[in-house]
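One-letter residues, chain by chain:
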Amino acid sequence: MTDAPKRTPLYDLHVELGGKMVDFAGWEMPVQYPMGIMGEHNHTRAKAGLFDVSHMGQVILRGADAAAKLETLVPAAITTLKEGKARYTFFTNDDGGIMDDLIVANAGDHLFVVVNASMRHQDIPHMAKHLDGIEVTEIFDRALVAVQGPAAQNVVGDLCPAAREMSFMQTMVADIIGVECRISRLGYTGEDGFEISIPEDKAVEVCRALLAHEDCEPVGLGARDSLRLEAGLCLYGNDIDNSTSPVEASLTWAMQKRRREDGGFPGAARIQRDLAQGTARKLVGIRPTGRAPARAGVELQDLDGTAIGAITSGGFGPTVGAPVAMGYVATEFSTPGQKINLIIRGKAQPAEITALPFVAQNYKR
Amino acid sequence: MTTYYSEEHEWLTVDGDTATVGITQHAADQLGEIVFVEQKEVGDDFEKGDDIGVIESVKAASEIYAAVDGEVLEANGTLEENPGALNDSPEGDAWIYKIKLTNTDQLNDLMDLDGYKAFIG
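Just so it is clear, the structure is predicted and the values come from calculations on it, not from any experiment. (Residues numbered from 1 in each chain as written. Chains lettered and ligands numbered in written order. Predicted model: local features only at pLDDT ≥ 70, side-chain atom pairs only at ≥ 80, totals over all residues. Heavy atoms only, no water.)

Draft legend 1. Main features of the packing of aromatic side chains. All chains considered together, the criterion is met by five aromatic pairs over all chains. Judged by centre distance (4.1 Å) and plane angle (10°), the rings of Phe168 of chain A and Tyr363 of chain A are stacked. Placement of the pair is Phe168 of chain A in the loop between helix H5 (152-157) and strand E10 (171-176) and Tyr363 of chain A in the segment after strand E19 (347-354), with a sequence separation of 195 residues. Side by side, Phe168 of chain A and Tyr363 of chain A carry an identical accessibility label, which is buried. Between Tyr5 of chain B and Tyr116 of chain B the ring centres are 5.1 Å apart and the planes differ by 15°, which places this aromatic pair in the stacked class. One end of the pair, Tyr5 of chain B, is in strand E1 (residues 2-5); the other, Tyr116 of chain B, is in helix H4 (residues 113-120), with 111 residues separating them in the sequence. (Phe/Tyr/Trp six-rings, centres within 6.5 Å; stacked < 30°, edge-to-face > 60°. Helix = DSSP H or I, 4+ residues; strand = E, 2+ residues; numbered from the N terminus. Buried < 20%, exposed > 50% of the residue type's maximum accessible area, 1.4 Å probe, protein only.)

Draft legend 2. Summary view of the UniProt feature "domain: Lipoyl-binding" (unreviewed entry) in chain B. Per the UniProt annotation, the sites labelled "domain: Lipoyl-binding" (unreviewed entry) are residues 18-100 of chain B. The distance from the first to the last C-alpha atom of residues 18-100 of chain B is 4 Å, and the span holds 18% helix and 43% strand. (UniProt positions renumbered as here; feature names shortened; annotations may be inferred.)

Draft legend 3. Region of the structure containing the sheet that holds strand E15 (residues 299-301) of chain A. Residue and element names in this part refer to chain A. One closed barrel holds the six strands; their spatial order is E14-E17-E16-E15-E18-E19, and the pairing between them is antiparallel. The average undirected angle you get between the axes of adjacent strands in this sheet is 40°. Note: strand E18 (residues 339-344) against E19, six bridges, orientation antiparallel. When the bridges of E19 are listed, Ile344 appears paired with Lys347. Its contacts with the sheet put helix H7 (residues 221-230) on strand E16 (307-317) and strand E17 (322-330), and the angle it makes with E16 is roughly 125°. (Pairing = 2+ DSSP bridges. Axes fitted to C-alpha atoms, helices over the stretch in contact; angles between N-to-C directions. Contact = heavy atoms within 4.5 Å.)

Draft legend 4. Structural detail: the UniProt feature "domain: GCVT N-terminal" (unreviewed entry) in chain A. Mapped onto the present numbering, the UniProt feature "domain: GCVT N-terminal" (unreviewed entry) falls on residues 10-257 of chain A. Annotated as residues 10-257 of chain A, this span is 23% helix and 31% strand, and its ends, taken at the C-alpha atoms, are 41 Å apart.

Draft legend 5. Region of interest: the pattern of salt bridges. This model, assessed by the stated rule, comprises 25 salt bridges over all chains. Lys69 of chain A is paired through a salt bridge with Asp65 of chain A; the nearest N and O atoms lie 3.6 Å apart. Classification of Lys69 of chain A as partly exposed rests on a relative accessible area of 25%. A residue is classified by how much of its surface remains accessible, and Asp65 of chain A, at 36% relative accessible area, is partly exposed. Of the charged contacts in the structure, one is a salt bridge between Glu71 of chain A and Arg258 of chain A, with a shortest N-O distance of 2.8 Å. A residue pair is termed long-range when its members are at least 10 positions apart, and Glu71 of chain A in the loop between helix H3 (66-70) and strand E5 (86-92) and Arg258 of chain A in helix H8 (residues 257-262) qualify at 187 residues. Salt bridges linked by common partners bring Arg295, Arg345 and Lys347 of chain A together with Glu38 and Glu56 of chain B together as one network. (Salt bridge = Lys/Arg side-chain N within 4 Å of Asp/Glu carboxyl O.)

Draft legend 6. The interface of chain A and chain B, seen in detail. Taken together, the 14 residues of chain A in the interface contact 14 residues of chain B. Between chain A and chain B, the buried area comes to about 1300 Å², and carbon and sulfur atoms account for 49% of it. Contact with chain B buries area across many residues of chain A, yet Arg291, Arg295 and Arg345 of chain A alone supply 48% of it, more than any other trio. The interface formed by chain A and chain B holds five salt bridges in total. Between Glu81 of chain B and Arg291 of chain A there is a salt bridge; the shortest N-O distance is 3.9 Å. Counting every contact that joins chain A to chain B gives nine residue pairs in polar contact (both at pLDDT 80 or more). Ranked by residues supplied to the side of chain A that touches chain B, first place goes to helix H2 (residues 37-46) of chain A with three residues. When its residues are assigned to classes, the side of chain A that touches chain B shows six nonpolar, three polar and five charged. (Buried area = accessible area lost by both parts, 1.4 Å probe. Polar contact = N/O pair within 3.5 Å; in protein donor to acceptor, adjacent residues only side chain to side chain. Nonpolar A, V, L, I, M, F, W, Y, C, P; charged D, E, K, R; others polar.)

Following this line, the structure appears as structure tokens:
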């Protein structure tokens, strides 16, 4: 990307808080604050972290049959999504690969969609092109922050009592310090928490109010990645991409029964075939037996030295206290407990296939 | 004993033809929280510029490059169980190797403390 990196409405606040700024998908974002990645990770699991995710794309879809039309692009059930509820899904391509993952919320008179920072330039034209008669509006004047962790309910609830009563994947519009926000009870760390869409001119004020809570600290992209990895959540571009089918990626749960059976989304034929016949490879959790972290790209071998897959995300899991990884492995090696080798810097290191997630999810059902 | 510093952010405290080797506090701070150290074994020999180990932080893997030619006399085994010591005391208890120097002339290419401080600015 040749353009100068973009800044979110919270840029000055990040700098003030000591955030170490890096270029991420064309945005200048905090990778960590003075607490450090490990400290921020542990703080989020113990109390609450505030994450700036304003670089993600917020989109409004408006039109009488927006839900039915969106179902032609994604395999989730959108027409049956109740008002005030959100759902995880993905755009599929004609080969049944994943073009991006996203969250869709039924906001009553419109659908509210959040897509990845690195893919918003693809996703918005994709929707505009295929959602005939639907108004597709990307929002540029709102920040988006996530408050995640067991104390998130108190951090947000102290400023917005109604938020305490929300359940997982619920969304509503409510005031925080007099500012009208969209609050959704979800996030990408495996913890209970909220994503809050805030008018950009009030974003700093609202974040300062959230950070004023003694349990809430700012958290950067570094810990965001280790938290989502421990939670077994896929990162687009690493664990899922145009070549992976949702069945390989163990995302079958995100395709509701009617959609799986009826199809009617791009690549449905391949996905239905994968569901019926199984896939040659599967996304699995991997626990290196030693202490050396195994990162994306590391080759997986069976004990005879035959290549059987590769790591797609990996590193040190602060909550686990050991290295953790995710990757694709030939299906016959995908059973938890299976012993494999990781080729780290040319040497075979023992590891074991394990069930995901590494850290139990703590959502408020 | 004299301590020398390399542009790769290592320190060597030299006593005769042996040296204790580690990474500087500056390097440890830049790496972030260290979670794993891969070391060479006693008896392994190496040349200046060789990759003689890897330090893995939460963020990334970084090679340790030999500042001089030598041979490993001892690797600090406590780093296996407690790699985080490299953040707490990189210029103290958390040394990485004791080595035998095989070309002491190479020490002339390294920096003293003032030179290193100027180097890292």
